[in-house]
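Residue-level listing of the chains:
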Amino acid sequence: MNIKTAEFVISNTDPDLCPKDGRPEYAFIGRSNVGKSSLINMLTDRKGLALTSSTPGKTQLINHFLIDSAWYLVDLPGYGYAQRGKKGREKIAEIIDAYLNKREELTCLFVLLDCRHEPQKIDLEFIEYLGNCCIPFHIVFTKIDKISQSKLEGNVAAYKAKLLETWDELPLIFCTSADHRKGKDEILNYIAEINEQLYGIK
(Lines give C-alpha, C1' and ligand atoms only; values in the text may rest on other atoms or scores of the structure.)
Protein backbone atom coordinates (compact mmCIF):
# COMPACT_ATOMS: atom_id res chain seq x y z
CA MET A 1 0.00 0.00 0.00
CA ASN A 2 1.16 3.49 -0.87
CA ILE A 3 -0.42 6.37 1.02
CA LYS A 4 -1.72 9.03 -1.34
CA THR A 5 -3.16 11.55 1.14
CA ALA A 6 -2.55 12.17 4.84
CA GLU A 7 -4.51 14.94 6.51
CA PHE A 8 -4.37 16.16 10.10
CA VAL A 9 -7.89 16.16 11.54
CA ILE A 10 -7.90 16.86 15.29
CA SER A 11 -5.88 16.86 18.51
CA ASN A 12 -7.49 16.42 21.90
CA THR A 13 -7.29 14.69 25.27
CA ASP A 14 -10.81 13.23 25.32
CA PRO A 15 -11.75 10.08 23.35
CA ASP A 16 -15.35 11.35 23.25
CA LEU A 17 -14.15 14.18 21.01
CA CYS A 18 -12.41 11.89 18.53
CA PRO A 19 -13.92 11.46 15.03
CA LYS A 20 -17.28 9.70 14.99
CA ASP A 21 -17.40 8.53 11.38
CA GLY A 22 -16.67 4.86 12.15
CA ARG A 23 -13.45 4.62 10.14
CA PRO A 24 -10.89 2.12 11.51
CA GLU A 25 -8.01 3.47 13.58
CA TYR A 26 -4.43 2.25 13.83
CA ALA A 27 -2.67 3.85 16.78
CA PHE A 28 1.04 4.21 17.53
CA ILE A 29 2.45 4.47 21.03
CA GLY A 30 5.76 4.05 22.86
CA ARG A 31 8.07 5.51 25.45
CA SER A 32 9.05 9.12 24.98
CA ASN A 33 11.79 9.59 22.38
CA VAL A 34 11.31 6.15 20.86
CA GLY A 35 11.06 7.67 17.37
CA LYS A 36 7.29 7.59 16.98
CA SER A 37 6.86 10.84 15.09
CA SER A 38 9.72 10.01 12.72
CA LEU A 39 8.16 6.63 12.00
CA ILE A 40 4.75 8.18 11.28
CA ASN A 41 6.31 10.71 8.92
CA MET A 42 8.16 7.89 7.14
CA LEU A 43 5.03 5.75 6.78
CA THR A 44 3.02 8.62 5.32
CA ASP A 45 5.83 10.17 3.24
CA ARG A 46 5.06 13.50 4.93
CA LYS A 47 8.16 14.99 6.52
CA GLY A 48 6.32 17.28 8.94
CA LEU A 49 3.02 15.48 9.48
CA ALA A 50 3.87 14.44 13.04
CA LEU A 51 6.00 16.85 15.03
CA THR A 52 9.46 15.54 15.83
CA SER A 53 11.65 16.88 18.59
CA SER A 54 14.92 16.09 20.33
CA THR A 55 13.04 16.76 23.57
CA PRO A 56 11.25 13.67 24.90
CA GLY A 57 7.57 13.93 25.74
CA LYS A 58 6.65 16.22 22.86
CA THR A 59 3.38 14.44 22.02
CA GLN A 60 0.85 15.03 24.79
CA LEU A 61 -2.40 14.77 22.84
CA ILE A 62 -4.36 12.21 20.83
CA ASN A 63 -3.62 13.17 17.22
CA HIS A 64 -5.80 11.88 14.37
CA PHE A 65 -4.57 11.80 10.76
CA LEU A 66 -6.98 10.75 8.01
CA ILE A 67 -5.26 8.46 5.52
CA ASP A 68 -6.57 8.23 1.95
CA SER A 69 -10.01 9.28 3.24
CA ALA A 70 -10.41 5.68 4.46
CA TRP A 71 -8.75 5.13 7.86
CA TYR A 72 -7.07 6.97 10.68
CA LEU A 73 -3.50 6.85 11.85
CA VAL A 74 -3.49 7.91 15.51
CA ASP A 75 -0.45 9.35 17.25
CA LEU A 76 -0.77 8.76 21.01
CA PRO A 77 1.22 10.44 23.80
CA GLY A 78 4.44 8.77 24.88
CA TYR A 79 4.36 7.06 28.26
CA GLY A 80 6.81 7.11 31.15
CA TYR A 81 8.58 10.46 30.64
CA ALA A 82 10.08 11.05 34.09
CA GLN A 83 10.58 14.81 33.75
CA ARG A 84 6.84 15.38 33.45
CA GLY A 85 6.58 14.74 37.19
CA LYS A 86 4.13 12.41 38.88
CA LYS A 87 0.99 14.45 38.12
CA GLY A 88 2.04 14.92 34.51
CA ARG A 89 2.66 11.19 34.05
CA GLU A 90 -0.65 10.35 35.69
CA LYS A 91 -2.50 12.75 33.36
CA ILE A 92 -0.90 11.22 30.27
CA ALA A 93 -1.67 7.72 31.60
CA GLU A 94 -5.33 8.71 32.01
CA ILE A 95 -5.49 9.99 28.40
CA ILE A 96 -3.92 6.79 27.06
CA ASP A 97 -6.10 4.54 29.21
CA ALA A 98 -9.29 6.32 28.19
CA TYR A 99 -8.48 6.12 24.48
CA LEU A 100 -7.42 2.46 24.53
CA ASN A 101 -10.42 1.26 26.53
CA LYS A 102 -13.17 3.51 25.17
CA ARG A 103 -12.35 3.75 21.48
CA GLU A 104 -14.31 1.08 19.64
CA GLU A 105 -12.78 2.18 16.34
CA LEU A 106 -9.30 1.13 17.50
CA THR A 107 -8.42 -1.76 15.21
CA CYS A 108 -4.80 -2.28 16.21
CA LEU A 109 -2.20 -0.67 18.43
CA PHE A 110 1.45 -0.61 17.39
CA VAL A 111 3.76 -0.52 20.40
CA LEU A 112 7.12 1.03 19.52
CA LEU A 113 10.29 -0.21 21.23
CA ASP A 114 13.81 1.16 20.81
CA CYS A 115 15.79 -1.78 19.45
CA ARG A 116 19.02 -0.52 21.02
CA HIS A 117 17.90 -1.54 24.50
CA GLU A 118 17.30 -4.86 26.16
CA PRO A 119 13.79 -5.45 27.57
CA GLN A 120 12.75 -2.46 29.65
CA LYS A 121 10.50 -2.81 32.69
CA ILE A 122 8.23 0.06 31.67
CA ASP A 123 7.61 -1.45 28.23
CA LEU A 124 6.98 -4.93 29.61
CA GLU A 125 4.52 -3.51 32.15
CA PHE A 126 2.68 -1.61 29.41
CA ILE A 127 2.46 -4.73 27.24
CA GLU A 128 1.15 -6.67 30.23
CA TYR A 129 -1.48 -3.97 30.75
CA LEU A 130 -2.58 -4.35 27.12
CA GLY A 131 -3.00 -8.06 27.62
CA ASN A 132 -5.05 -7.58 30.76
CA CYS A 133 -7.31 -5.14 28.90
CA CYS A 134 -7.58 -7.41 25.82
CA ILE A 135 -6.30 -4.67 23.52
CA PRO A 136 -4.98 -5.98 20.17
CA PHE A 137 -1.41 -4.89 19.51
CA HIS A 138 1.79 -5.62 17.62
CA ILE A 139 5.37 -4.60 18.31
CA VAL A 140 7.49 -2.23 16.20
CA PHE A 141 11.21 -2.03 16.88
CA THR A 142 12.59 1.36 15.86
CA LYS A 143 16.06 2.70 14.95
CA ILE A 144 17.41 -0.58 13.63
CA ASP A 145 20.03 1.33 11.64
CA LYS A 146 21.66 2.41 14.92
CA ILE A 147 22.94 -1.06 15.90
CA SER A 148 24.50 -4.10 14.26
CA GLN A 149 22.37 -6.92 12.89
CA SER A 150 23.67 -9.34 15.52
CA LYS A 151 22.83 -6.91 18.34
CA LEU A 152 19.37 -6.36 16.88
CA GLU A 153 18.71 -10.07 16.68
CA GLY A 154 19.89 -10.52 20.25
CA ASN A 155 17.67 -7.77 21.64
CA VAL A 156 14.62 -8.98 19.69
CA ALA A 157 15.24 -12.53 20.90
CA ALA A 158 15.54 -11.25 24.48
CA TYR A 159 12.15 -9.50 24.20
CA LYS A 160 10.54 -12.62 22.75
CA ALA A 161 11.93 -14.77 25.54
CA LYS A 162 10.74 -12.32 28.17
CA LEU A 163 7.24 -12.11 26.71
CA LEU A 164 6.95 -15.88 26.40
CA GLU A 165 7.33 -16.11 30.17
CA THR A 166 3.74 -14.87 30.47
CA TRP A 167 2.29 -15.00 26.91
CA ASP A 168 1.23 -18.13 25.05
CA GLU A 169 1.52 -16.41 21.68
CA LEU A 170 3.67 -13.53 20.49
CA PRO A 171 2.31 -10.53 18.60
CA LEU A 172 3.64 -9.68 15.16
CA ILE A 173 7.02 -7.97 15.24
CA PHE A 174 8.12 -5.29 12.76
CA CYS A 175 11.67 -3.90 12.53
CA THR A 176 11.98 -0.35 11.24
CA SER A 177 14.30 2.53 10.50
CA ALA A 178 12.78 5.92 9.75
CA ASP A 179 16.10 7.19 8.35
CA HIS A 180 16.54 4.24 6.00
CA ARG A 181 12.81 3.77 5.33
CA LYS A 182 12.90 0.16 6.45
CA GLY A 183 9.77 -1.63 7.60
CA LYS A 184 7.43 0.76 5.83
CA ASP A 185 5.99 -1.73 3.33
CA GLU A 186 5.55 -4.44 5.96
CA ILE A 187 3.49 -2.20 8.28
CA LEU A 188 1.40 -0.57 5.55
CA ASN A 189 0.71 -3.87 3.77
CA TYR A 190 -0.44 -5.37 7.07
CA ILE A 191 -2.82 -2.43 7.63
CA ALA A 192 -4.09 -2.76 4.05
CA GLU A 193 -4.73 -6.48 4.58
CA ILE A 194 -6.71 -5.86 7.78
CA ASN A 195 -8.65 -3.01 6.18
CA GLU A 196 -9.71 -5.26 3.32
CA GLN A 197 -10.52 -8.28 5.47
CA LEU A 198 -12.49 -6.49 8.17
CA TYR A 199 -13.87 -3.40 6.45
CA GLY A 200 -13.77 -4.08 2.72
CA ILE A 201 -11.42 -1.14 2.20
CA LYS A 202 -9.19 -1.54 -0.86
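Not measured: the values here are computed from a predicted model.

Visitor: So, the packing of helix H3 (residues 121-132) against helix H4 (residues 149-163): which residues are in play, and what are the values?
Guide: The geometry of H3 relative to H4 is characterised by a closest axis approach of 12 Å and an angle of 45 degrees between their N-to-C directions. In terms of orientation, H3 and H4 fall into the oblique class. The two elements H3 and H4 meet at a crossing, and its hand is right-handed. In contact with Asp-123, Leu-124 and Ile-127 of H3, H4 contributes Tyr-159, Lys-162 and Leu-163.

Visitor: Quick rundown of the nonpolar core? Include the residues and the values.
Guide: Counting residues in each nonpolar core, the largest one holds 33 residues, and the members touching the most others are Leu-76, Tyr-99, Leu-100, Leu-109, Val-111 and Phe-126. When contributions to this core are tallied by element, the ones reaching two or more residues are strand E2 (25-30), strand E3 (62-67), strand E4 (71-75), helix H2 (85-102), strand E5 (106-114), H3, strand E6 (137-142) and H4. With 5 residues, the top contributor of residues to this core is H2. Not counting residues within four places of it along the chain, the set of residues in contact with Leu-109 comprises Ala-27, Phe-28, Ile-29, Leu-76, Leu-100, Phe-126, Leu-130, Pro-136, Phe-137 and His-138. By size, the runner-up hydrophobic cluster in this structure holds 26 residues, among which are Ala-6, Phe-65, Leu-73 and Leu-188.

Visitor: Any chance you could break down the side chain of Asp-114 for me, citing the residues and the numbers?
Guide: Examined against the element boundaries, Asp-114 turns out to sit in strand E5. The buried category is assigned to Asp-114, whose relative accessible area is 4%. Of note is the side chain of Asp-114, whose polar atom sits 2.8 Å from the side chain of Arg-116. Here Asp-114 is in contact with Arg-31, Val-34, Thr-142 and Lys-143, once residues within four sequence places are set aside.

Visitor: Account for the packing of aromatic side chains, naming residues and giving values.
Guide: Enumeration according to the criterion identifies 10 aromatic pairs in this entry. Between Tyr-26 and Trp-71 the ring centres are 5.5 Å apart and the planes differ by 85 degrees, which places this aromatic pair in the edge-to-face class. Taken together, the residues Tyr-26 in strand E2 and Trp-71 in strand E4 connect sequence positions 45 residues apart. There is no split in this pair, since Tyr-26 and Trp-71 are both buried. One aromatic cluster is present, built from ring pairs that chain together Phe-28, Phe-110, Phe-174 and Tyr-190.

Visitor: Describe the state of the cysteines, listing the residues and the values that go with them.
Guide: Scanning the model with the defined rule gives 0 disulfides in all. No disulfide involves Cys-108; its sulfur sits 14 Å from the nearest other cysteine sulfur, which is in Cys-134. Overall, Cys-108 belongs to the buried group, its relative accessible area being 3%. Here Cys-133 is not disulfide-linked; the sulfur of Cys-134 is the nearest cysteine sulfur, at 7.6 Å. With a relative accessible area of 28%, Cys-133 lands in the partly exposed category.

Visitor: Could you give me a rundown of the environment of Thr-107, with the residues and numbers involved?
Guide: With respect to the secondary-structure elements, Thr-107 resides in strand E5. Overall, Thr-107 belongs to the buried group, its relative accessible area being 12%. Taking the C-alpha atoms as reference points, Thr-107 and Phe-137, 30 residues apart in sequence, are found 8.8 Å from one another. Contacts of Thr-107, omitting those with residues within four sequence positions, involve Pro-24, Glu-25, Tyr-26, Pro-136, Ile-194, Leu-198 and Tyr-199. A distance of 2.8 Å separates polar atoms of two side chains, one belonging to Thr-107 and the other to Tyr-199.

Definitions and limits used
- Residues numbered from 1 in each chain as written.
- Predicted model: local features only at pLDDT ≥ 70, side-chain atom pairs only at ≥ 80, totals over all residues.
- Heavy atoms only, no water.
- Axes fitted to C-alpha atoms, helices over the stretch in contact; angles between N-to-C directions.
- Helix = DSSP H or I, 4+ residues; strand = E, 2+ residues; numbered from the N terminus.
- Parallel < 35°, antiparallel > 145°, perpendicular 65-115°, else oblique.
- Left-handed = near helix turned anticlockwise from the far one by under 90°.
- Contact = heavy atoms within 4.5 Å.
- Core = buried A, V, L, I, M, F, W, Y, C linked by side-chain atoms within 4.5 Å.
- Buried < 20%, exposed > 50% of the residue type's maximum accessible area, 1.4 Å probe, protein only.
- Polar contact = N/O pair within 3.5 Å; in protein donor to acceptor, adjacent residues only side chain to side chain.
- Phe/Tyr/Trp six-rings, centres within 6.5 Å; stacked < 30°, edge-to-face > 60°.
- Disulfide = S-S within 2.5 Å.

Take it as geometry only, folks, not as evidence of what the structure does.
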